[in-house]
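# Fold and contact review
Chain by chain, the residues:
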Amino acid sequence: MDSLSGPEYDLAIIGAGFSGSMVAINALAAAREPLKVVLINKSADFGRGIAYGTRCPSHLLNVPAARMSAFVDDPDDFYRWLEHHRALCEAFGVGAARKDQFIPRALFGQYVSELLERRASEVAPGTVLKKIVADVQDVQECTGGMRVWLDADESLRARKVVLAPGNFPPGDPPLRDRAIFRSRCYLGQPWLGQRMDRVRRAREVLILGTALTADDLVLAMREEGCETHHIHLLSRHGRGPQPHRPAPPYPAFLPAGAERPRTIRELFRRVRAEVRRAGREGIDWRPVLDSLRAATPELWQGLDLTNKRRFLRHARSWWEMHRHRVPPDVLEEIERLETAGTVIRHAGRIEGMRTIDAGDRVRVVYRTVAQETRELEVDLVVNCTGPESNYRKLDDPLIINLLARGLVHPDPLLLGLKVAPNGALENMAGNYSSTFYTLGSPRRGTLYETTAVPELRRQAQRLARELVHDLQPPVPARGVATFEI
Ligand SMILES: Cc1cc2nc3c(=O)[nH]c(=O)nc-3n(C[C@H](O)[C@H](O)[C@H](O)COP(=O)(O)OP(=O)(O)OC[C@H]3O[C@@H](n4cnc5c(N)ncnc54)[C@H](O)[C@@H]3O)c2cc1C
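These numbers come from a predicted model, not from an experiment. (Residues numbered from 1 in each chain as written. Predicted model: local features only at pLDDT ≥ 70, side-chain atom pairs only at ≥ 80, totals over all residues. Heavy atoms only, no water.)

Let us now look at the site of the ligand. Near the ligand there are 33 residues, and of these S19, N41, Y52, N62 and V453 occur at the shortest range. N41 places a polar side-chain atom, nitrogen or oxygen, 2.8 Å from an oxygen atom of the ligand. In the model, an oxygen atom of the ligand is placed 2.7 Å from a nitrogen or oxygen of the N62 main chain. For the ligand, the protein covers 91% of the area, taking 980 Å² as the surface of the free molecule. It is helix α2 (residues 49-52) that contributes the most residues to the shell around the ligand, four residues altogether. Among the residues forming the shell around the ligand, the class breakdown is 20 nonpolar, nine polar and four charged. (Near = heavy atom within 4 Å. Polar contact = N/O pair within 3.5 Å; in protein donor to acceptor, adjacent residues only side chain to side chain. Areas by Shrake-Rupley, 256 points an atom, 1.4 Å probe, with all protein chains shown as cover. Helix = DSSP H or I, 4+ residues; strand = E, 2+ residues; numbered from the N terminus. Nonpolar A, V, L, I, M, F, W, Y, C, P; charged D, E, K, R; others polar.)

The structure is reproduced here in structure tokens:
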């Protein structure tokens with residue numbers, strides 16, 4: 001029995017990036033009676049999260065404006081917002097926005113935070129959307145719901161809780177000598193904020209990873225006027241993401257239901273054949289791959305664990321590189337810097353990193369595919385290898401506590417947390433919670449495709465409607481038969 005006091009809410013949402021904010025907005029819209037919602041975020045930047053918290057104009061959305069509406073059933077909402085905010089768009093160098101344009105991410109962040117403000121001010125009497133800035137430390141079950149701990153002394157109670165923590169920082173590379181990770185020559189995560197000072201001072205920088213986040217950092221360094229002489233990019237294959245190219249949608253080509261491919265070999269055989277067929281008709285591979293997107297969760301769920309592991313081992317980096325593409329302007333700028341010799345790509349597996357010059361610099365040793373050993377000496381190494389998805393490795397107090405309480409547990413592939421199809425979290429005993437839910441990245445093990453706005457807005461809408469339905473069950477209409485004992 002929970003005898004502690006504290007404010008009480010119907011719904012508490014932990015994390016106010018796009019996912020958490022859209023659960024709040026959709027829940028307010030679905031409520032038929034007064035509803036008390038609390039949205040808790042580590043920073044005061046509600047609605048932005050990591051992706052849209054950037055203020056850098058060259059950090060562009062990697063999805064065209066036409067597909068970035070926050071609402072499934074109003075696809076033009078973001079585009080209309082851009083049209084109504086011409087002056088702001090001009091300040092970001094956008095001018096009159098086009099539907100196929102890749103807009104600065106900061107503008108999308110402004111759009112979502114304004115939506116949140118507007119919806120919060122339009123609520124019916126008795127309904128509340130409270131925003132709290134706090135780093136949630138723990139959640140525990142209590143009578144009638146869950147207790148959410150904002151710190152050691154302060155807590156609140158909610159009948160339902162949604163965990164929307166987004167992506168976590170990357171894990172450190174698996175090196176035997178780990179002293180470098182505690183040195184001032186290493187930045188363990190790319191989301192810079194105040195850390196940009198350290199990047200600004202460095203003349204030679206090594207970025208671990210060559211995907212979208214690495215490009216993001218290179219662009220931020222240029223924009224911040226860093227006087228870096230060389231920016232080295234290192235990954236196993238050394239290649240960057242593919243560029244977007246506008247094309248009409250391609251029809252779904254894989255059979256549905258029981259006829260779906262059940263092995264990775266068969267799936268890739270069919271995809272390659274379709275790409276070749278499209279190519280013969282002058283159609284680019286991009287729309288062919290994009291046509292798989294809506295079916296990805298079903299395809300993923302149709303594979304057994306062995307085939308999922310096979311995909312992760314052999315095909316994942318190829319898939320990510322082709323699926324998560326960059327706007328052409330971003331690629332052009334990175335290529336320009338490569339031609340100028342500022343950006344230098346390396347392909348290989350990192351073997352060691354050690355500080356030199358009294359801890360001011362770092363020597364990095366890596367091995368190429370041809371098994372040659374190479375060395376680089378730089379002032380700073382920044383880890384942009386992609387978010388850590390193994391929750392057991394996370395150094396996050398909330399996740400550590402949730403695992404210790406057995407309220408959540410990782411999926412077998414260590415891509416996220418075990419969840420029911422509706423997002424209800426599975427506890428250690430194997431039971432789905434009726435009070436604790438999640439969306440976005442933690443659902444990766446179940447859905448695989450669960451990171452971008454087109455997927456998240458749908459998840460947020462469905463989850464919010466289901467939660468409000470549970471919290472405010474519809475009263476059966478008069479005259480309609482109900483169950484009687
Ligand atoms: C750099 C980058 C660029 C991207 N660009 C695009 C794009 O152009 N288009 C697209 O569709 N998708 C893009 N994405 C995908 C992106 O992940 C989603 O679009 C979306 O922003 C994810 O939102 P989220 O709310 O799930 O996570 P996040 O945005 O990460 O938000 C999670 C929030 O939860 C908070 N939080 C976490 N733990 C706690 C805690 N214990 N207590 C309180 N608060 C907590 C965090 O502070 C954060 O504000 C991008 C992702 C990244 C990282």
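Don't stop here, the text continues.
Within a beta sheet, neighbouring strands are joined by backbone hydrogen bonds and run either parallel or antiparallel to one another. Taken in spatial order, the three strands line up as β11-β12-β13 in an open sheet, and their pairing is antiparallel. With partners counted over all chains shown, the strands left at the sheet margins are β11 (349-356) and β13 (373-378), one partner each. Each neighbouring strand pair of the sheet contributes to a mean axis angle of 20°, computed without reference to strand direction. (Pairing = 2+ DSSP bridges. Axes fitted to C-alpha atoms, helices over the stretch in contact; angles between N-to-C directions.)

Taking 1.5 Å per residue, 17 residues should reach 24 Å; helix α5 (residues 105-121) reaches 25 Å between its end C-alpha atoms and fits that length. Along α5, the residues that are buried comprise R105, A106, L107, F108, G109, Y111, V112, S113, L115 and L116. (Expected span 1.5 Å × (residues − 1). Buried < 20%, exposed > 50% of the residue type's maximum accessible area, 1.4 Å probe, protein only.)

The next subject is the pairing of strand β9 (residues 230-235). Summarising burial for β9: five of the six residues are buried, a large majority. Across five bridges, strand β8 (residues 204-208) lies against β9 in parallel orientation. What sits directly across from I207, in β9, is L233. At this point the chain moves from β8, through helix α7 (residues 212-223), to the parallel β9, and the crossover so formed is right-handed. As paired strands, β9 and strand β10 (residues 343-347) are joined by five bridges and run parallel to one another. Following the sheet pairing, S235 is matched in β10 by A347. (Right-handed = clockwise from strand over helix to strand, strands pointing away.)

On to the nonpolar core, then. F78 and F108 are the most contacted members of the largest nonpolar core, which totals 49 residues. Among the secondary structure elements, those contributing two or more residues to this core are β1 (8-14), α1 (18-30), β2 (36-41), α3 (77-84), α5 and α15 (453-471). If one sorts the elements of this core by residue count, α15 sits on top with eight residues. Excluding anything up to four places from it in sequence, F78 contacts L61, A65, M68, S69, I103, L107, F108 and Y111. With 29 residues, the next largest nonpolar core counts I14, A134, V161 and I399 among its residues. (Core = buried A, V, L, I, M, F, W, Y, C linked by side-chain atoms within 4.5 Å. Contact = heavy atoms within 4.5 Å.)

The final tally for this structure, using the stated rule, is 15 aromatic pairs. Centre to centre, the rings of F18 and F108 are 5.8 Å apart; their planes meet at 40°, and the pair counts as tilted. Placement of the pair is F18 in helix α1 and F108 in helix α5, with a sequence separation of 90 residues. Aromatic side chains F268 and F311 sit 6.5 Å apart centroid to centroid with 40° between the ring planes, which places their arrangement in the tilted category. Highlighted residues: F268 in helix α8 (residues 264-280) and F311 in helix α11 (residues 305-323), separated in sequence by 43 residues. F268 sits in the buried class, given a relative accessible area of 15%. Here the aromatic residues F18, Y52, F78, W81, F108 and Y111 are joined through ring pairs into a cluster of three or more. (Phe/Tyr/Trp six-rings, centres within 6.5 Å; stacked < 30°, edge-to-face > 60°.)

The subject of this paragraph is the domain arrangement of the protein. Assigned domains within the protein: domain 1 (8-168 + 389-471), domain 2 (179-242 + 326-383) and domain 3 (257-323). Put simply, the middle of domain 1 and the middle of domain 2, counted by C-alpha atoms, are 31 Å apart. The partner domain 2 presents 10 residues to the 10 residues of domain 1 that form the contact. Of the roughly 830 Å² buried between domain 1 and domain 2 on both sides combined, carbon and sulfur atoms contribute 64%. The partner of D216 in a salt bridge is R105, and the shortest N-O contact between them spans 2.6 Å. At the junction of domain 1 and domain 2, the tally comes to three residue pairs in polar contact (both at pLDDT 80 or more). (Domains from an automatic or database assignment. Buried area = accessible area lost by both parts, 1.4 Å probe. Salt bridge = Lys/Arg side-chain N within 4 Å of Asp/Glu carboxyl O.)

Pairing geometry for β11 and strand β12 (residues 361-367), over seven bridges, is antiparallel. Its bridge partner lying in β12, M353 is registered against V364.

Our focus in this paragraph is the sheet that holds β10. If you walk across this open sheet you meet the five strands as β7-β14-β8-β9-β10, and the pairing is parallel. What marks the edges here is a single partner per strand, and that holds for β7 (186-187) and β10.

Right, let's talk about the pattern of salt bridges for a bit. The tally for this structure, following the rule as stated, stands at 35 salt bridges. In this structure, D45 engages R55 in a salt bridge whose closest nitrogen and oxygen atoms are separated by 3.3 Å. Of the two residues, D45 sits in the loop between β2 and α2 while R55 sits in the loop between α2 and α3, which places them 10 residues apart along the sequence. Here R325 makes a salt bridge to D290, at a shortest N to O gap of 2.7 Å.

Moving on, we come to unusual backbone geometry. In this structure, A358 is a non-glycine residue whose phi angle is positive, near 55°. Within the secondary structure, A358 is located in the loop between β11 and β12. In this model, Y448 sits at a positive phi of 60°, which is unusual for a non-glycine residue. Mapped onto the elements of the fold, Y448 is located in the loop between α14 (444-447) and α15.

Here the focus is the packing of α3 against α5. Packed helices, taken two at a time, are described by the angle their axes make and the gap between the axes. Direction vectors running N to C along α3 and α5 enclose 100°, while the axes themselves pass 11 Å from each other. If you check the angle between α3 and α5, you find them roughly perpendicular. For the pair α3 and α5, the contacting residues are D77, F78, W81 and L82 in the first and L107, F108, Q110, Y111, E114 and L115 in the second. Grouping the constituent residues of the contact of α3 with α5 by class yields seven nonpolar, one polar and two charged. (Parallel < 35°, antiparallel > 145°, perpendicular 65-115°, else oblique.)

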